[in-house]
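Chains, contacts and geometry: an overview
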Amino acid sequence: MVREQYTTTTPGTSLERPKNEYVYKIGIYGWRKRCLYLFVLLLLIILVVNFSLTIWILKVMWFSPTGMGHLRVTKEGLRLEGESEFLFPLYAKEIHSRVDSSLLLQSTHNVTVNARNSNGEVTGRLNVGPKMVEFHGQQFQINSKDGKPLFTVDENEVVIGTDKLRVTGPEGALFEHSVETPLVKAEAFKQLRLESPTRSLSMDAPRGINIKAQAGNIEALSQMDIKLQSSDGVLLLDAETVRLPKLPEGTRGGPGISQGLYEICVCPDGKLYLSVAGVGSTCQEYSRVCQ
């Protein structure tokens, strides 16, 4: 404990003041002072570096009051200019491009677009892969710019709303089941061929079937039989010339004399054959072909 001494004197006497035995120094001195200055200098350096990095980041990322870089915040939403890469799923209500450019979606694997309901369940999915384009949903529809359905697919049927369906493949079109259409037509100067390699080919219409070739022939080829049948009407062959070049020629017991003229005869079963023409009918004489 410090003890202080007090000395009193009277006027006219001189006494030497005692020397102070204890001296108090106020402040930081020595190595503490150097450490404090070093700490303050270090804080100042960190502050300058942080401020410089902040300015650099703001400049590199193109921060502005309206957004960051090519990303702009508008009243209608976010506007992104240029190419962008998304590493995780993107959720948006509407995505559209500028008026003067197209919208491009690109991925190294596939591009998947999902539509969800209020419960989060996927109700529609469009998957564009490297080898296949898949759509999962109740109905797939393609409309024209006027809103007219051009192509509609669901579980029950496929509807093509265009005025004309054109198949340009060299092998044509293959249908495993029936096809309902009002007109089957080939291109100009091209042949139309209807073929069933292993089964039968049937054409049905309640009000008639019209087969017409305006600038060519109509051929019906069959390995077995070709039947032309009319239940209530007649079979009409309306042409300038009707030829049956491979009709069998009837025979009779003795040799006949042919002058190059024949008549067509009909067997009871409907079979046609030729007989040598004579003054009268010779069908009875040559009817052995019907046996």
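Here is what the cut-offs are and how they apply
Each chain has its residues counted from 1, running along the sequence as written. Two thresholds apply to this predicted model, a pLDDT of at least 70 for residue-level local features and 80 or more for giving and counting side-chain atom pairs, whereas whole-chain, interface and lining totals are computed over all residues. Side-chain calculation: all heavy atoms of the structure are included, whereas hydrogens and water are not. Numbered from the N terminus, helices here are DSSP runs of H or I no shorter than four residues, and strands are runs of E no shorter than two. Burial status follows relative accessibility: with a 1.4 Å probe on protein chains alone, a residue under 20% of its type maximum counts as buried, one over 50% as exposed, and anything between as partly exposed. Should any heavy atoms of two residues lie within 4.5 Å, those residues are counted as being in contact. Areas reported here follow the Shrake-Rupley algorithm with a probe of radius 1.4 Å; residue values treat only the protein chains shown as occluding. Note: two strands are recorded as paired if DSSP finds a minimum of 2 bridges between them. Under the convention used throughout, the expected extent of a helix is 1.5 Å for every residue step, that is, one less than its residue count. Throughout, a disulfide means two cysteine sulfur atoms within 2.5 Å of one another. Residue types Ala, Val, Leu, Ile, Met, Phe, Trp, Tyr and Cys, when buried and joined through side-chain atoms within 4.5 Å, form a set referred to as a nonpolar core. Throughout, an axis means a line fitted to C-alpha atoms (over the contacting stretch in the case of helices), and angles, computed between N-to-C directions, take values from 0 to 180 degrees. The pLDDT value tells you how sure the predictor is about a given residue, anywhere from 0 up to 100. Stacked, tilted and edge-to-face pairs are distinguished by plane angle, under 30 degrees for stacked and over 60 for edge-to-face with tilted covering the rest, among Phe, Tyr and Trp rings (Trp via its six-membered ring) whose centres lie within 6.5 Å.

What follows covers the overall build of the protein chain. The helix and strand tally for the protein chain stands at 1 helix and 12 strands. Its helices and strands taken in sequence order, the protein chain reads α-β-β-β-β-β-β-β-β-β-β-β-β from the N to the C terminus. Expressed as a percentage of its 291 residues, the buried residues of the protein chain come to 5%. A sequence separation of at least 24 residues applies to 12% of the contacts in the protein chain between residues at least 6 apart. Taken as a whole, the protein chain presents about 29400 Å² of accessible surface, with 55% of it coming from carbon and sulfur.

Pairing geometry for strand β6 (residues 122-128) and strand β7 (residues 133-136), over 4 bridges, is antiparallel. Bridge assignment links asparagine 127 to a residue of β7, and that residue is glutamate 134.

With that out of the way, let us pick up helix α1 (residues 31-60). The terminal C-alpha atoms of α1 lie 43 Å apart, and with 30 residues this matches the ideal 44 Å at 1.5 Å per residue to within 8%. Where α1 terminates, the next one or two residues include tryptophan 62, which has phi positive at roughly 55°.

Next up on the list: the state of the cysteines. When the sulfur atoms of two cysteines share a covalent bond, that bond is a disulfide. The full count for this structure, using the stated rule, is 2 disulfides. A sulfur-sulfur distance of 1.8 Å marks the disulfide that ties cysteine 265 to cysteine 283. Its torsion about the S-S bond being -80°, the disulfide of cysteine 265 and cysteine 283 is classed as left-handed. Note that cysteine 265 is positioned in strand β11 (residues 262-266) and cysteine 283 in the segment after β12 (272-276), a separation of 18 residues in sequence. Each member of the pair cysteine 265 and cysteine 283 is classed as buried. Between cysteine 267 and cysteine 290 runs a disulfide, and the two sulfur atoms are separated by 1.8 Å. The chirality of the disulfide connecting cysteine 267 with cysteine 290 is left-handed, given an S-S dihedral of about -80°.

This part covers the nonpolar core. In terms of nonpolar packing, the biggest core is built from 6 residues, these being Cys265, Cys267, Tyr273, Val276, Cys283 and Tyr286. Sequence-distant contacts of cysteine 283, that is, excluding residues within four places in its chain, are made with Glu263, Ile264, Cys265, Tyr273 and Ser275.

This part takes up the sheet that holds strand β5 (residues 111-116). Here we have 3 strands laid out as an open sheet, ordered β5-β6-β7, and antiparallel in their pairing. In this open sheet, the two edge strands, each paired with only one partner strand, are β5 and β7. The sheet shows a mean angle of 5° between the axes of neighbouring strands, direction not considered.

Quick look at the confidence of the model for the protein chain now. Per-residue confidence for the protein chain gives a mean pLDDT of 77, with 87% of residues at or over 70. Averaged over each element, pLDDT in the protein chain is lowest for strand β2 (residues 67-68) (72) and highest for α1 (90). Under a pLDDT of 50 for its full length, residues 1-6 has, in the predicted model, 2 contacts with residues more than four places off or in other chains.

Attention now goes to the environment of alanine 173. Here alanine 173 shows up in the loop between β10 (158-160) and β11. The exposure class of alanine 173 is partly exposed, given its relative accessible area of 43%. With 21 residues separating them along the chain, alanine 173 and leucine 194 place their C-alpha atoms 10.0 Å apart.

So, about the packing of aromatic side chains. What the rule picks out here adds up to 1 aromatic pair. Their ring planes at 55° and their centres at 5.1 Å tell us that phenylalanine 135 and phenylalanine 140 sit as a pair that is tilted. Given the relative accessible area of 30%, phenylalanine 140 is considered partly exposed.

Moving on, we come to the sheet that holds strand β3 (residues 71-73). Strand order in the open sheet made by the 4 strands is β1-β2-β3-β4, with antiparallel pairing throughout. Taken across any chain shown, the strands that pair with only one partner, and hence form the sheet edges, are β1 (63-64) and β4 (78-80). The pairing of β1 with β2 spans 2 bridges and is antiparallel. Bridged to serine 64 within β2 is glycine 67.

Attention now moves to the side chain of serine 275. For serine 275, the location among the structural elements is in strand β12. Ignoring sequence-local partners within four residues, the contact set of serine 275 consists of Leu261, Tyr262, Glu263, Cys265, Thr282, Cys283 and Tyr286.

Turning our eyes to something else, we now look at the environment of arginine 166. Along the chain, the position of arginine 166 falls in the loop between β10 and β11. For arginine 166, a relative accessible area of 59% puts it in the exposed group. Along the primary structure arginine 166 and alanine 186 are separated by 20 residues, whereas in three dimensions their C-alpha atoms are 9.0 Å apart.

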